[in-house]
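A closer look at the structure
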Amino acid sequence: MSRTRTALALGMAAAAALTVASTTAHAAPLPLAGSTTVTPAGHAFKASLSGKATLKAGSVTVTCSVSVSTGSVPAAPGNHNTAGAVSSPISPPTYSSCTSSMPGVTPTVTTSGAWSVSMQNGSPITATMTVPTGGLVVHTTGLATCTVTAAPGGPASVPGTWANGAPSSLTFSGATVPVTVTGGFGCPTSATSSTFNAVYLVSDTTDPSQQITVTP
């Protein structure tokens, strides 16, 4: 290929690269989140586990059959956000009647700190539970003594989905939570994350004839 043709080809390639770079630099921003309204405003609610909740770290799975948390929908106008989610503080969820996949091992789950849940209207409606730093700890006794601490380096967001209904439901399916694991033989000390699965039914405790609902 002649020097002229080579130079022309290189010039065209450079121009194409600049065009792509310019297009990328001026790409349209992501659309803003839509509006969200949670009703009834100011009503208290209770989230009760339906079925079982599982927390899996490494090869070890802890299964709990009882879990409850309470909270309140923000009073108006705080129950509406024109461009984003509506957040509510909740009590640290309690977990009991728990078993471990490791024979001869008994788990105990403790929670603490400032927990919250936020709802974003959409399709699907998304829900994000925030676990405060070190806000959930699993301790096992028996043949293996282990301690699993969730959100060890800072608050962690646990993604889920919300479904309006009678009652409405909050589902966490395969949600990943950062953890640290300490302990001796049998403990999954190399695990840095845990997988959380649970379904909660959410009821209005201020007026049981009404439902907690998420709309635009």
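Keep in mind it's a predicted model, so treat the numbers as computed, not measured.

What counts and how
Along each chain, residues carry numbers from 1 onward, in the same order as the chain's sequence is written. In view of the model being predicted, local features appear only for residues whose pLDDT reaches at least 70, and side-chain atom pairs are presented and counted only at 80 or more, with totals across whole chains, interfaces and linings using the full set of residues. Values reported for side chains reflect all heavy atoms of the structure, with hydrogen atoms and water molecules removed beforehand. We define a nonpolar core as any set of buried Ala, Val, Leu, Ile, Met, Phe, Trp, Tyr and Cys residues linked to one another through side-chain atoms lying within 4.5 Å. The classification of residues rests on relative accessible area computed with a 1.4 Å probe and restricted to protein chains. Under 20% of the type maximum is buried, over 50% is exposed, and intermediate values are partly exposed. Numbering of helices and strands runs from the N terminus; a helix is a DSSP stretch of H or I covering at least four residues, while a strand is a stretch of E covering at least two. It only takes one pair of heavy atoms within 4.5 Å for two residues to be counted as in contact. Confidence of the predictor at the level of single residues is given by pLDDT, which spans 0 to 100. Cysteine sulfur atoms are paired as a disulfide whenever they fall within 2.5 Å. Using protein atoms alone on a 1 Å grid, points that fit a 1.4 Å probe yet trap it form a cavity, whereas open point sets bounded by protein on both sides within 12 Å along at least five of seven lines form a pocket; residues with an atom within 4 Å of a point count as lining. Grid points are joined across faces, edges and corners, and a volume is the space filled by probe spheres set on the points. Charged residues are taken to be Asp, Glu, Lys and Arg, nonpolar residues to be Ala, Val, Leu, Ile, Met, Phe, Trp, Tyr, Cys and Pro, and polar residues to be all remaining types, Gly included.

**What to know about the nonpolar core**
Counting 49 residues, the largest nonpolar core has Tyr95, Leu136, Val158, Trp162, Leu170, Phe196 and Tyr200 as its most contacted members. Per-element tally for this core: the top contributor is strand E14 (residues 168–183), with 6 residues. Beyond its immediate chain neighbours, meaning those up to four positions away, leucine 170 contacts Val117, Ala127, Thr161, Trp162, Ala198, Val199, Tyr200 and Val202.

**Some points on the confidence of the model for the protein**
Here the protein averages 89 in pLDDT, and 85% of its residues register 70 or above. Low confidence marks residues 1–30, where pLDDT is under 50. Its contacts with residues over four positions away, or in another chain, come to 1 contact.

**Quick notes on the state of the cysteines**
For the structure shown, the criterion picks out 2 disulfides. Paired by a disulfide, cysteine 64 and cysteine 98 hold their sulfur atoms 2.0 Å apart. Residues cysteine 64 and cysteine 98 are joined by a disulfide whose S-S torsion is about 105°; by sign, that bridge is right-handed. Residue cysteine 64 is found in strand E4 (residues 60–72), and its partner cysteine 98 is found in strand E7 (residues 94–100); the two are separated by 34 residues along the sequence. For the pair cysteine 64 and cysteine 98, a shared accessibility class is recorded, and that class is buried. Note on cysteine connectivity: cysteine 146 is disulfide-linked to cysteine 187, with sulfurs 2.0 Å apart. Classification of the bridge connecting cysteine 146 and cysteine 187 rests on its S-S torsion, roughly -90°, and on that basis the disulfide is left-handed. Residue cysteine 146 is located in strand E12 (residues 146–150), and its partner cysteine 187 is located in the loop between E14 and strand E15 (193–204); the two are separated by 41 residues in the primary sequence.

**Describing empty space enclosed by the protein**
Per the counting criterion, the structure on display carries 4 cavities of 30 Å³ or more. Looking at the largest cavity, its volume works out to about 200 Å³. Residue lining of the largest cavity: 18 residues in total, with Phe45, Ile90, Val117, Met119 and Leu170 positioned closest to the centre. Broken down by secondary-structure element, the contributors of at least two residues to the lining of the largest cavity are strand E2 (44–49), strand E6 (86–90), strand E9 (115–120), E14 and E15. Element by element, the count of residues in the lining of the largest cavity is highest for E6, at 3 residues. The calculated volume of the second largest cavity comes to roughly 100 Å³. Every residue lining the second largest cavity is listed: Leu55, Ala57, Val60, Val62, Met102, Val138, Thr140, Cys146, Val148 and Pro188. Those elements that place two or more of their residues in the lining of the second largest cavity are strand E3 (53–57), E4, strand E11 (136–142) and E12. Here the lining of the second largest cavity is built from residues that sort into 9 nonpolar, 1 polar and no charged.

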